[in-house]
Amino acid sequence: MASTSCSASATAASSSWRVAGLSARRSAAVAPAIASVRARRARPVAFTVAAGAVEKPWKPLDCRLVLEDGSVWPGKSFGAKGTCLGEVVFNTSLTGYQEILTDASYAGQFVLFTCPEIGNVGINLEDMESTKAHMGGMIVRHNSLNVSNYRSVKTLPEYCVEQNVIGISDVDTRAITMRLRDTGSLNGIITTDATKTDAELTAMAKDWTIVGKDMISQVTCSETYEWTEGTAAEWEWAAAAKVAKAGTYHVVAYDFGIKHNIMRRLVSFGCRVTVVPAATPAAEVMAMNPDGVLFSNGPGDPSAVPYAVAAAKEILGQVPVFGICMGHQVLGQAFGGTTFKMKFGHHGGNHPVRGPSGQVEISAQNHNFAVDPASLPAAVQVSRVNLNDGTCAGMVYPEMKAMTIQYHPEASPGPHDSDSSFEDFVKMMAEHKK
């Protein structure tokens, strides 16, 4: 036993010396490298915050929405940089942000989208409602990181940069919408400028108003032109449009900010469309020998465009006329009525409207002003009523061959329930030509 124990001890001692010798040789080999690393760590390094900062995997809050009530909503910017002022409205449409972005009726406004995901289908070349973006700013809950659509040619942020539109995302759009419903539409400022204080921005918002401003003159065309494009065959759904003969009726359209799809629908229903600037005198329009005159959609306060009302008064009774949105409000004044500013307006693609027959249409709407039905002459009939708040959504003046609607029969975006209004206008022109 003693012999065995001593032998084991000797073996262990021999093994320990071999391990120790190996460790010593390894330590000697790596010592210079360790010393070099320690020297570098000990050496002082000069660097700036920007150069030494680790890039975060998320975008920082670099933008603010400041409302005239003093509330401040930090968010993340996309699109253009800078500072922009406008009236904040909310839109409840679930689709069609590109059409809304390019709708001239939103000039002077910021649009808050209640749909939480915006930008997911990018921007395509077919869905433009004008030649450029008109709204001042976009307010969204989430700007989609991914684009997935076969027609997309660029992302929403890329388009906003091109069009100088400031966007802000990652704000509580639900809370802002509730605030606008409670208090009414508010002026606001979107800025990426960190040097301006919240108090300065609040004061700027308070000092501005869209009431009394002629916004039409900023968006109308500069000269007369012909529009010849109809709705593409793959998108056509109206039986009457499919059998309409091209160029049967000549319609002169006042451009108050006219949407492309209004003109497409007129062409599809057999009309030749001539578009004129908003300030074109009535005599010049009548000299074109129209079968009917359209007063289009547009932005701003209808009481601030007396020249448009004067032209409408002069044309009334000579040929059939059709007013859409701003055109509805202009004709309402030409009839002898007045308009008023609504609390937060109608902006979305799901507004129920009851028509003359009692049938309910789900409509696309975009307006902050309305015609006061109590101010209208007895000869004017309120033909349509918005079922959400009872406001006037359409008028008919039989003696003057006039019809109006306070919403978008072409939709774009929105449902097609009201497309028959174009057919009604064509029937009026057909009856007038007999």
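Model, not experiment: these values are computed from the prediction.

Digging into the side chain of T173
The residue T173 is located in helix α5 (residues 173-183) in this model. Ignoring any residue separated from it by four or fewer positions in sequence, one finds T173 in contact with L112, F113, I139, V140 and R141.

Things to note about the sheet that holds strand β10 (residues 225-227)
Pairing is mixed across the open sheet formed by 10 strands, whose spatial order is β10-β12-β11-β13-β14-β19-β18-β17-β15-β16. Edge strands, defined here as strands with exactly one partner in the open sheet, are β10 and β16 (360-371). Across the sheet, the axes of successive neighbouring strands diverge by a mean angle of 25°, strand direction being ignored. Across 2 bridges, the pairing between strand β15 (residues 339-354) and strand β17 (residues 381-386) is antiparallel. Among the inter-strand pairings, R354 is bridged to a residue of β17, identified as V385. Helix α12 (residues 326-335) contacts β13 (292-295), β14 (321-324), β15, β16, β18 (392-397) and β19 (402-405) of the sheet and is inclined by roughly 125° relative to β14.

A closer look at the nonpolar core
Judged by nonpolar contacts, the single largest core of 31 residues is most densely connected at Y254, F256, F295, I315 and F335. When contributions to this core are tallied by element, the ones reaching two or more residues are β11 (249-255), α10 (282-287), β13, α11 (306-315), α12 and β18. Counting residues in each nonpolar core, the second largest holds 29 residues, with V251, F269, V273 and L294 among its members.

Details of a nonpolar patch on the surface
Taken together, the side chains of V360, I362 and L387 define a hydrophobic patch exposed on the protein surface, amounting to about 210 Å² of accessible area. Relative to the assigned elements, I362 resides in strand β16. Under the relative-accessibility criterion, I362 is labelled partly exposed at 33%.

Details of the pairing of strand β4 (residues 109-113)
Here β4 lies mainly inside the structure; 5 of its 5 residues are buried. The side-chain alternation of β4 yields two buried faces, one formed by Q109, V111 and F113 and the other by F110 and L112. Relative to β4, strand β3 (residues 83-91) runs parallel, the two sharing 5 bridges. Note on β4: the bridge partner recorded for V89 is V111. Where β4 and strand β6 (residues 137-139) come together, 3 bridges link them in parallel fashion. When the sheet's bridge partners are listed, F110 is paired in β6 with G137.

Criteria and cut-off values
- Residues numbered from 1 in each chain as written.
- Predicted model: local features only at pLDDT ≥ 70, side-chain atom pairs only at ≥ 80, totals over all residues.
- Heavy atoms only, no water.
- Helix = DSSP H or I, 4+ residues; strand = E, 2+ residues; numbered from the N terminus.
- Contact = heavy atoms within 4.5 Å.
- Pairing = 2+ DSSP bridges.
- Axes fitted to C-alpha atoms, helices over the stretch in contact; angles between N-to-C directions.
- Core = buried A, V, L, I, M, F, W, Y, C linked by side-chain atoms within 4.5 Å.
- Buried < 20%, exposed > 50% of the residue type's maximum accessible area, 1.4 Å probe, protein only.
- Patch = residues over 30% accessible without salt bridge, like charges linked within 9 Å, V, L, I, M, F, W, Y side chains within 5 Å.
- Areas by Shrake-Rupley, 256 points an atom, 1.4 Å probe, with all protein chains shown as cover.
- Salt bridge = Lys/Arg side-chain N within 4 Å of Asp/Glu carboxyl O.

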